[in-house]
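Residue-level structural notes
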Amino acid sequence: MQMEGEGRAVPAASGYGPGEKPEWDYYSKCIHCGLCLNACPTYRELGVEMDSPRGRIYQMIQVEQGRLALGESFVRHMDLCLDCRACETACPSGVEYGRLIEAARGQIATHFRRPMLGRALRSLFFRQILPHRKRLIFAGQLLRVYQRSGIERLAWPIARIILPRLGNVARLAPRMEKPFFTERLGVTMEPVGPRKYRVALFAGCIASLAFARANEATARVLAMNGCEVVIPASQGCCGALHVHAGLRDEARQLARRNLEAFPPGDFDAVITNAAGCGSVLKEYPQLFEREGTEYLERALLFTARVRDVTEFLAGIEWNRDFASITVRATYQDPCHLGHAQRIRSAPRRLLRSVPGLELVELKDAEVCCGSAGIYNVSENDMAERLLESKMRRVDETGAELLLSANPGCLLQLRAGVAQSSNPRRRVSHVVELLDEAYRRARG
Amino acid sequence: MLWRPEDRLLYEYDGLSSRRVPDAVAFPRSTEDVTEIVKLARREKVPVIARGAGTGLSGGAVVTEGGIVVSFARMKKILEIDIPNQRARVQPGVVNLDLSLAVSDVGFYFVPDPSSQKACTIGGNVAENSGGPHTLAYGVTTNHVLGLEVVLDDGRVIRTGGKVWDRPGYDLTGFIVGSEGTLGLVTEITVRLTPKPEAVKTLLAIYERVLDATRTVAAITAGGITPAALEMMDGITLRAIEAATHAGYPLDSAAVLLIEVEGLREAVEEEVEAVEGICRRHAAREVRRARSEEERELLWRGRKNAFGALGRISPNFYVQDGVIPRTRLPAMLEYIAAVGEKHGLLIGNIFHAGDGNLHPLLMFDARDSKQTAKVLVAASEIMARCADLGGSITGEHGVGIEKNELMPLIFSPDDLAMMRRLKEVFNPAGFFNPGKVLPTGKMCGELRIQVGGGA
Amino acid sequence: MIAAVETIQAELAAIVGDSAMSAGPDACRPFAVDGVEPRLVVYPSSAEQVAALLRCASERDLAVVPVRNGTKLGVGNAPRRYDLALSLKSLNRIWHYEPADLTVVVEPGMKLGDFQHFLARDGLWLPLDPRGGARASLGGILAANAAGPLRGRFGGPRDMVLGMKIATGDGKIIKTGGRVVKNVAGYDMAKLLIGSWGTLGVIVEVCFKLFTRPAARRTFVFHLGGLEAARDLRRQILKSPLGPLRMALVDGNAAEIVEGAGTKFETRNSKIETRSSNFELRGSNFEFWLEAGGSQNVLARFARELEELARGASVQMDKRDDATLVWDRIADFVTLVTENSKEAIVLRVPLPLDSSEEFLRMALDETQIRAFVSQPGSGVVTLVLSGEASGGNWPTSAASSVAKLRDLAEKLGGTMAVEHCPAEWKPLIDVWGRPGNDVEIMRQVKAVWDTKGVLSPGRFVGGI
């Protein structure tokens, strides 16, 4: 950092507390060239530096230098970041923005006191539910009963009168899909035909409940490609949401559990169909860098095996015994697949190999839909604005089928479609489409 | 309008460096808003500084002595797309690439394509008269802007030019383009749209010696071929770019030329053959042709991300921007190498060779003050040589606060006095973007540094 | 305060020498502007002399009009006053010529024809075909920002100038730009001078960006039945990737003039009179000229596609291998017309690209229109009005026609300037039209360059 001109204070004490924080090695790569600006969904919407990647990094540096407090203003702008990492794609200097924002949020989580209600809800969700499978299933069953009973239609309008800020959060609640995929944990599926690979399926926490069918489809698609599919019983939540929220210790606990559940060397690949999970699984080593424990080594070995399902399939000679599916489809890049994992062509190549399917490119497909983990709940206004833009682009394609490759995105896109000019448009995961094509081919 | 210190702090920098925190930041949505802001500023006797995306490399958008920053980030409407007349009217905050994307389906584009085109605004392009790799054949921003709406220092709104060529009267549009925000606030721009060419071919010529590459450049122009783009990268930059983008650039070569020819299919075929022949006659080790749109994009991605990629090999670097006649390229590159050697500095070269527009990248570590001082001396030497060879001290980045003190290298006191008097017609009291373009008499070497590390 | 001619003469002679100066009616008459004759003609031979002359003129308050061949001297208002004709005839040297750099530095008195001839040795050219043709001087072309049909493809003078030296009204030599193709150092003052009609300063040196001449050329002529056909053809060509060098749409009268069959404009009167007010009948013989340039393969492609267009539209098309002469005459159409028809009024109407045929359709209802040349590539229409056919109160009716046509052009988003009209009618006819709301700034700009207001006073828009 070079001190120039007037108005600069003498370097004061850092505004960060103990624990992980944005490090010089990473933020010093930013040369504030501004190429990230227009890639950033919040900058595109708001047009202010504070809500741009360059500006957020600048704020992180100012806190380090004591020119800016770790206070409300800073927290507001860090909260508004989607962590979609589109800026990493745009950045010519190779700044690892995800690492920086997550460290900054770690500081906020430990050293900033949020208002009571928010704190309590965050704690309930992140600490009391997500990490515990049984509680999660219980919550899911409750939600399912509620969704099927009709209370939903009654309750929400009332709730929205009482709590108008809840906005449209309600329709984002995932539909619970019985039977939950958690019932499959511990099961091993045999390959169709000779066994070529032995893979482990990462089932995910909420996805096991709300995307049980997509998980089953993933397992079947893998089996169709000569995979023996193991679904380890002791696996749990990946911790992505915790990392994004700055809950580093909680994330580490979850990571340790998964590193034990997927012993390195047992599988050719660890497969996930959730881009958000996949990207954090691939970044587990970052959680253990400072400690340098045995887990760092394990994490490095584990990470080397993690594959998104589309990445895995596109990397092998995939089975093309598809039935023809005549449909005009378009594909939205999940941020954590496109930007965080740089996987863009794999899903498109797979889709193009399905006969009859016409894939039209979606303009701004690389721009976040507003889902971003729990962002659509915590920052509903911004998420809604992004979703509206997204739906306009989808309408332009004239596609009947909207595909993506991450459960979180699918939830958001379904909510968008339900409100759009064409509410009957289907929204599916790429593997579900592949599964359908295989199944139709086999009669 | 932003008043809080923690927000204003974020407007002390642009793509060059940081200077001073503005007193306020305004976000107009219309020409009327801009007029109000100008009137307010005038009442309060504070300067006004226009800002697009803040990607400029000469400090055009930073604040030198306080004042209100007018950010055009929310004036980003494309007001009219008029394909039959090949024109568009835009607000200044429209992102350069967004305009091209908006007309791409109907086969048109906006020609100027600075490397920052994904983020930079057309208002900023107008202020800086931006170039880009593809301006070799089709001209820079000024050749593609036909009319402006400008708010003057007293809040008056004037319209210059328009959709048609030559309205009687002085070409104020041409004078305001490139004036770096010192004459008024541009609130609307009428631009020319250009049909996309039928065929595009991209070549990568690989050389063992820098000299062979520079000689090729002159030979191509002398051979009667005007490529759409003709870019050169030397070995140092190549290796950094390759590490960043995996564009497939050869790591062991001394230089490459990235050449693009476009136009009618038949003409392109012939020109590609001719260019390839010229390259081989000048000892190109290999000439590769991009076989698909993907390959072409990959080659360009490397070039467009070059400056950032350099950040990976040096903690800090200073991008220079000078121009010389194309035929002097071989001598100039030898001179730059000698300067580097003399000062013990690593200097990379990446530039618009077809235009003779050099971008030497001087690498250093800002924590070493001796090295920083050497960089400044070396940069001045390079600029002085550009001037001696009949060239210019800036081809596309602008003067700003970076080079205003170097202006006497190429302009006489009379020339500068005339510029000052013309500026005063629009901007009598130093109200718009003070301290830019013209020399202030204060030499502040450390301000002219592009900091490639920290903030 | 006007000094005696003798005093001034002595002072000026001290600058340029006796032999480079002439006085007396015979010497001055050829330099008359709209009937106003200068008192002296000077022939400076260097930039410094030009500057010194202007300094002297400013001190003595002598009105100066810079001139070379006078091809465009009739454009603009009559000068408010006129003492000194500043002939740039002797400033016709080439300073820096770098064929490999595609740049050249040249003095303003060089004639375009000589310049092109010089460049042709290296296969280069300056792609301009302005009014005045080969006789037009480079300085005059710049002062008028004059461009012909080539503009659609290559742009105008403002797009080809890299730098300039200018002698200001008070006798300073100012440099702007440079000798390199890309340059953003300082304000682009050259833009102000280009198209300033000699009211700001005298360009004493200019650096041009040069272009490579096309390897071969071919001209295609479409014979069209009406303006709709012309519009469709233009749209299709502009939509295609072909990119011709230049295009021109001419009516039957103009066609005869440019093809050299009918230089005597007056003799066409009988034909003109037979025109009815029904446009479709009148428009039975439009010609659409198109010149293509490039390699033989490129020309073959043009031939293929244009033949197809012609077939599709069922119009006749000819090919000509050498039509240089015709193109020269198209470029210099105004001179051809005005030399032979002193009473003609010529209007120049720059329009949005897609509006020129619409303008012509409506304009041709004005019965006084005798001929036109339109540049479909740049939207500029040149109209000839002539009173010989209408007789009677011609100047008055012409003035109202001009006003009507200007309204029409402005309604379509264009502008209009009078390129030629008899000097004595100028009080009736508005040459430049109403200036925009930037005219105040223009006046102030003028005052910066020409403090004493001695350069071409009153000739430009808004009386500048």
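Residues numbered from 1 in each chain as written. Chains lettered and ligands numbered in written order. Predicted model: local features only at pLDDT ≥ 70, side-chain atom pairs only at ≥ 80, totals over all residues. Heavy atoms only, no water.

Some remarks on the interface of chain A and chain B
It is common to give the size of an interface as the accessible area lost on bringing the parts into contact. Listed by partner, the interface residues are 38 residues for chain A and 51 residues for chain B. Carbon and sulfur atoms supply 53% of the area that chain A and chain B bury against each other, a total of about 3,600 Å² over both sides. Where chain A packs against chain B, one counts 3 salt bridges. Put simply, Arg67(A) and Glu12(B) hold a salt bridge, and the shortest N to O gap is 2.9 Å. Viewed at the interface, chain B and chain A are joined by 13 residue pairs in polar contact (both at pLDDT 80 or more). Elements that contribute at least two residues to the side of chain A that touches chain B include exactly α1 (24-27), α2 (41-46), α3 (53-64) and α4 (72-79) of chain A. (Contact = heavy atoms within 4.5 Å. Buried area = accessible area lost by both parts, 1.4 Å probe. Salt bridge = Lys/Arg side-chain N within 4 Å of Asp/Glu carboxyl O. Polar contact = N/O pair within 3.5 Å; in protein donor to acceptor, adjacent residues only side chain to side chain. Helix = DSSP H or I, 4+ residues; strand = E, 2+ residues; numbered from the N terminus.)

Notes on the packing of helix α12 (residues 329-343) of chain B against helix α13 (residues 369-388) of chain B
Residues and elements named next belong to chain B. At a minimum axis distance of 10 Å, the contact between α12 and α13 shows a crossing angle of 160 degrees. With respect to α13, the element α12 is oriented roughly antiparallel. With respect to the hand of their crossing, α12 and α13 are arranged in right-handed fashion. The residues of α13 that touch α12, namely those facing Met332, Tyr335, Ile336, Val339, Lys342 and His343, are Lys374, Val377, Ala378, Glu381, Ile382, Arg385 and Cys386. Along the lines of polarity and charge, the residues of the contact of α12 with α13 split into 8 nonpolar, 1 polar and 4 charged. (Axes fitted to C-alpha atoms, helices over the stretch in contact; angles between N-to-C directions. Parallel < 35°, antiparallel > 145°, perpendicular 65-115°, else oblique. Left-handed = near helix turned anticlockwise from the far one by under 90°. Nonpolar A, V, L, I, M, F, W, Y, C, P; charged D, E, K, R; others polar.)

Some thoughts on the interface of chain C and chain B
Counting from both sides, the interface comprises 71 residues of chain C and, opposite them, 78 residues of chain B. Of the roughly 6,400 Å² buried at the junction of chain C and chain B (both faces included), carbon and sulfur atoms supply 58%. In this structure, Arg167(B) and Asp438(C) form a salt bridge, with 3.1 Å as the shortest nitrogen-oxygen distance. The interface formed by chain C and chain B includes 29 residue pairs in polar contact (both at pLDDT 80 or more). Mapped by element, the contributors of at least two residues to the side of chain C that touches chain B are β9 (173-177), α7 (189-193), α12 (296-312), β16 (345-350) and α17 (439-449) of chain C. In terms of residues, the side of chain C that touches chain B owes the most to one element, α17(C), which gives 9 residues.

Focus: the confidence of the model for chain C
Residues and elements named next belong to chain C. Averaged over all residues, the pLDDT of chain C equals 89, while 92% of them reach at least 70. Here residues 262-283 scores under 50 on pLDDT; set against residues more than four positions off or in separate chains, the count is 45 contacts. On the interface metric, ipTM, the complex scores 0.94, and its pTM is 0.92. (pLDDT = per-residue confidence, 0-100.)

What about the domain arrangement of chain B?
Residues and elements named next belong to chain B. Domain annotation for chain B reports domain 1 (5-71), domain 2 (78-195), domain 3 (199-309) and domain 4 (313-448). One C-alpha centre belongs to domain 3, the other to domain 4; they are set 26 Å apart. The largest share of the area that domain 3 buries against domain 4 comes from Met232, Ile236 and Phe307, three residues that together contribute 35% of it. For the interface between domain 3 and domain 4, the tally reads 0 salt bridges. (Domains from an automatic or database assignment.)

Section: α3(A)
Counted at 1.5 Å a residue, the expected span for α3(A) with its 12 residues is 16 Å, and the 17 Å between its end C-alpha atoms agrees. Pro53(A), Arg54(A), Gly55(A), Arg56(A), Ile57(A), Tyr58(A), Gln59(A), Met60(A), Ile61(A), Gln62(A), Val63(A) and Glu64(A) are the residues of α3(A) that are buried. Of the surrounding secondary structure, the elements contacted by the buried residues of α3(A) are α1, α2, α4, α5 (86-90) and α6 (97-111) of chain A together with β2 (48-51) of chain B. Looking at the residues trailing α3(A), positive phi occurs at Gly66(A), about 75 degrees. (Expected span 1.5 Å × (residues − 1). Buried < 20%, exposed > 50% of the residue type's maximum accessible area, 1.4 Å probe, protein only.)

Quick notes on the side chain of Asp79(A)
All names here are of chain A. Tracing the sequence through the fold places Asp79 in helix α4. On the accessibility criterion, Asp79 (16% relative accessible area) is buried. Leaving out residues up to four positions away in the same chain, Asp79 has contacts with Arg105, Arg114, Tyr375 and Glu379.

A short note on the environment of Val145(A)
All names here are of chain A. Mapped onto the fold, Val145 is located in helix α8 (residues 133-149). On the basis of relative accessible area, Val145 is assigned to the exposed category, the value being 57%. When the C-alpha atoms of Val145 and Met176 are compared, they prove to be 9.1 Å apart, with 31 residues separating the residues in sequence.

Examining the sheet that holds strand β13 (residues 246-250) of chain C
All names here are of chain C. Sheet architecture is open: 8 strands sit in the order β15-β12-β14-β13-β17-β18-β16-β19, paired in antiparallel fashion. The open sheet is flanked by β15 (316-320) and β19 (417-420), the only strands paired with a single partner. Each strand of the sheet is rotated relative to its neighbour by a mean of 20 degrees, with strand direction disregarded. With 5 bridges connecting them, strand β12 (residues 216-224) and β15 associate as antiparallel partners. When the bridges of β15 are listed, Phe220 appears paired with Lys319. With respect to the sheet, α12 is in contact with β12, β14 (286-294) and β15, its orientation differing from that of β12 by roughly 5 degrees. Its contacts with the sheet place helix α16 (residues 394-411) against β16, β17 (369-375), β18 (380-385) and β19, and it is angled at close to 5 degrees to β16. (Pairing = 2+ DSSP bridges.)

A word on the nonpolar core
One finds Phe208(C), Ile345(C) and Leu383(C) to be the most contacted residues of the largest nonpolar core, which totals 187 residues. If we ignore the near neighbours within four places in the chain, the residues touching Phe208(C) are Leu102(C), Thr103(C), Val104(C), Val106(C), Phe115(C), Leu126(C), Leu138(C), Leu142(C), Met160(C), Val161(C) and Leu162(C). Counting 53 residues, the second-largest nonpolar core is a separate cluster that includes Leu37(A), Val75(A), Ile108(A) and Leu386(A). (Core = buried A, V, L, I, M, F, W, Y, C linked by side-chain atoms within 4.5 Å.)

Let's talk about the arrangement of the chains
With 2 pairs of chains in contact overall, the greatest share of contacts is found between chains B and C. Taking C-alpha atoms as the reference, chain A and chain C come no closer than 20 Å and do not contact one another.

Things to note about unusual backbone geometry
All names here are of chain A. With a phi angle near 40 degrees, His32 is a residue other than glycine that sits in the positive phi range. Along the chain, His32 turns up in the loop between α1 and α2. Note on His32: relative accessible area 2%, which makes it buried. The backbone phi angle of Asp364 is positive, close to 60 degrees, even though this residue is not glycine. Following the sequence through the fold, Asp364 ends up in the loop between β7 (357-360) and α20 (375-378). In this structure Asp364 comes out as partly exposed when scored by relative accessible area, which is 21%.

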